[in-house]
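Notes for the structure review
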Amino acid sequence: MVLRKWSVRLIAGLAASAALISVAGCGNSAGNGDQQGPKASSDTIIKVDNTEPQSPLVPADTNEMGGGKVIRYLFEGLVSYDAKGKQHLEVAKSITPNADATQYTIKLNDGWKFSNGEKVTASSFANAWSYAANVKHAQKQSSRMSIIKGYDEMQSPNTPTDAKLSGLEVKDPLTLVVTLKSPDSVFPIQLAHQSFFPLPTVAFKDMKAFGKAPVGDGPYKFKSWQPNTDILVVKNPDYKGSRKAANGGIDYRVYTSQDAAYSDLQSGNLDVMEEVPQSVLKTFRSDSTVKAFVQPGSAYQGFIIPEGLPHFALGKEGSLRRQAISMAINRQQIIAKIYQNTKSASTDFTSPLVPEHSSKLKNSGNLQYNPKKAKELWKQADAISKFTGTFKIAYNADAAHKPWVDAVCNSLKNTLGIDALGDAYPTFSDIRNQVTNKTIKTAYRSGWMLDYPTAEDYMTPLYASWSADGHGSNDGDYKSPEFDAALNKALAQTDVAKRTADFEAAQEILLNDMPSIPLWNEDVAAAASTKVGNVHFDYTNLPTYNTVTK
């Protein structure tokens, strides 16, 4: 795999030696963008593919990309990252830590406004973060606030609905002081996540209604939402940040079939498709009706085995079975035969596009194909408690998951001698609702797009105990005090090299427990209409829609 180059930028207000908030990002590889001739119009609406959002468009209550792809252009936060991985200060003028990274003073730029004319102030952030943290509001991204002092107290069922995080102090309209409950040296990087976006006062009057017609401060503003059809956003002329819109708007069109989307792309009825269907992986590079894009990517693909499933709880039997299942899968063969080598087999729980990625960790052999050892481990687990029944992997049928799920299940049958099969749900929303409501009783496919370029984004949201039980993206409810302690140690480390070593130690615990089964990192395999230009892809594997011209 070709690794991207890394650039480093420090938050304003710190000396260059302040390594605790150095930011790593991914640079462009050759051929990952294109240019457009002089006929491009800045008023044209760009048509892109999407899935129907699971929930209203509230930043802290959105945990999937159907809504996330819209939210990230309707709102702007304190910082952002461009396609090259370079960090930009947006609403933030400076972010300054104290000596041990337990407190940050955030100064805001004056003049930012929401699309309804309301000023963006320190309270816009403080109120949004407090709302997200409050257990009464049941926000899916609540755990993102868990690092802030006062979060734990706000998990009490007796918490008032208007309670504020004690770790947030609004000094004046343009100054916010954030006190953390423990050191977090990557906090300024985490601030790029959508859960840290500001909200206007109108949001708190009726959050559900707000999510159906959101008011943000981003490069675009909301125009309309036709459920199961499309979401339209248009250029925000008052936007003050670095992500200027080069087009007139984005029409997010909902598709339940990738093949149908690709046909629309070929005919000119769609402009950008973030991922081509499996059916054209052999041909799309030479398809003269589209522009093809292939480059290293960061998205994770795998499947989760919930801790509550019989035989798979955290402990010796569960770890043996999870390791056996992982070692029974021939990742390289599936990637070659089904995906034409447009994916990269996982070697850890992160991706090659973060600086802490490694292929030489203790227990990394659990991600390698080893049918002999897989059989031995499964036999050891059966000696503890005999496995019976069928092992199922649930997946959404509105995307191309069936081929790999079937291949994985065949591997489990052939290697472990168990019944294994795929369990198809009609749409992504169908399966996500089951996962969110904790009613799913099988393993299920999982994917993750990088929110900001650090290994922490693969760890805290997905595996920390405080992200379980519906508070975040730890959908399998993995809870390991050992992992939590290792993660906290890494976050407290202000020396980059030592922090990386601590992240590796945390990963080695994951590689033993296997709370999810990593399969591969999704490389960018995308396409665009021949009529558009300036198509680029950032560290999330997604197109930078604001740069696209037509």
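Residues numbered from 1 in each chain as written. Predicted model: local features only at pLDDT ≥ 70, side-chain atom pairs only at ≥ 80, totals over all residues. Heavy atoms only, no water.

1. Here we look at the pattern of salt bridges
Once their charged atoms are close, side chains differing in charge can pair, the charge on each being opposite to the other. The cut-off we apply is this: Any carboxyl oxygen of Asp or Glu within 4 Å of a side-chain nitrogen of Lys or Arg constitutes a salt bridge here. Only DSSP runs of H or I with at least four residues qualify as helices, and only runs of E with at least two residues qualify as strands; both kinds are numbered from the N terminus onward. Burial here depends on accessible area, computed with a 1.4 Å probe over protein chains only, as a share of the maximum for the residue type. Under 20% is buried, over 50% is exposed, and the range in between is partly exposed.
All chains considered together, the criterion is met by 20 salt bridges. Between Glu 76 and Arg 243 there is a salt bridge whose closest N-O contact spans 2.9 Å. Separated by 167 residues along the polypeptide, Glu 76 in the loop between helix H1 (65-74) and strand E4 (79-81) and Arg 243 in the loop between strand E11 (230-235) and strand E12 (249-254) bring together distant segments of the chain. Looking at Arg 243, the relative accessible area reads 13%, which means it is buried. Linking Asp 457 and Arg 144 is a salt bridge whose minimum nitrogen-to-oxygen distance equals 3.2 Å. Placement of the pair is Asp 457 in helix H11 (residues 456-463) and Arg 144 in the loop between helix H2 (122-133) and strand E8 (168-172), with a sequence separation of 313 residues. Each of Glu 317, Arg 321, Asp 382 and Lys 386 takes part in one network of salt bridges that share partners.

2. Re the pairing of strand E18 (residues 443-448)
Inclusion rule: When DSSP locates at least two bridges between a pair of strands, those strands are taken to pair.
Counted residue by residue, E18 has five buried out of six residues, so it is predominantly covered. Across five bridges, strand E14 (residues 290-304) lies against E18 in antiparallel orientation. Bridge pairing links Ile 304 to Tyr 444 in E18. Both strand E16 (residues 390-396) and E18 contribute to a ladder of two bridges, which runs parallel. The partner of Ile 393 across the bridge, within E18, is Ala 443.

3. Some details on the sheet that holds strand E7 (residues 103-108)
The condition that has to hold: Interaxial angles span 0 to 180 degrees and are taken between N-to-C directions of axes, which are lines fitted to C-alpha atoms, for helices over the stretch in contact. Throughout, a contact is declared for two residues whenever any of their heavy atoms are within 4.5 Å.
The sheet built from four strands is open, its strands ordered E6-E7-E9-E8 with antiparallel pairing. If you trace the sheet from one side to the other, it starts and ends with strand E6 (92-97) and E8, each paired once. Adjacent strand axes in the sheet meet at a mean angle of 20°, parallel and antiparallel pairs treated alike. Examined bridge by bridge, E7 and strand E9 (residues 175-179) share five bridges and lie antiparallel to one another. Looking at E9, one finds that Ile 106 is bridged to Leu 176. Along the sheet, H2 contacts E7, E8 and E9; its crossing angle with E8, the most-contacted strand, is approximately 165°.

4. Comments concerning the nonpolar core
We count it as follows: Residues belong to one nonpolar core when they are buried, are Ala, Val, Leu, Ile, Met, Phe, Trp, Tyr or Cys, and are joined through side-chain atoms within 4.5 Å.
Of all hydrophobic cores here, the largest spans 148 residues; its most connected members are Trp 129, Phe 303 and Phe 391. Counting residues in hydrophobic clusters, the runner-up holds seven residues, among them Ile 304, Tyr 425, Ile 431 and Val 435.

5. Brief notes about the packing of aromatic side chains
For clarity, the cut-off: Each Phe, Tyr or Trp ring (for Trp, its six-membered ring) is paired with any other whose centre lies within 6.5 Å, and the angle between the two planes then decides the class: stacked below 30 degrees, edge-to-face above 60, tilted in between.
Evaluation of the coordinates by the stated rule reveals 21 aromatic pairs. With a centroid separation of 5.3 Å and 55° between ring planes, the pair formed by Phe 293 and Phe 537 is classed as tilted. With Phe 293 in strand E14 and Phe 537 in the segment after strand E19 (516-529), this pair connects stretches of sequence that are 244 residues apart. Neither residue differs from the other here; Phe 293 and Phe 537 are each classed as buried. Ring centres of Trp 378 and Phe 387 lie 5.4 Å apart, and the angle between their planes is 70°; this geometry places the pair in the edge-to-face category.

6. Notes on the pairing of E6
Of the strand pairs in this sheet, E6 and E7 are connected by five bridges, and their pairing is antiparallel. Each residue of the ladder has a partner; that of Pro 97, found in E7, is Tyr 104.

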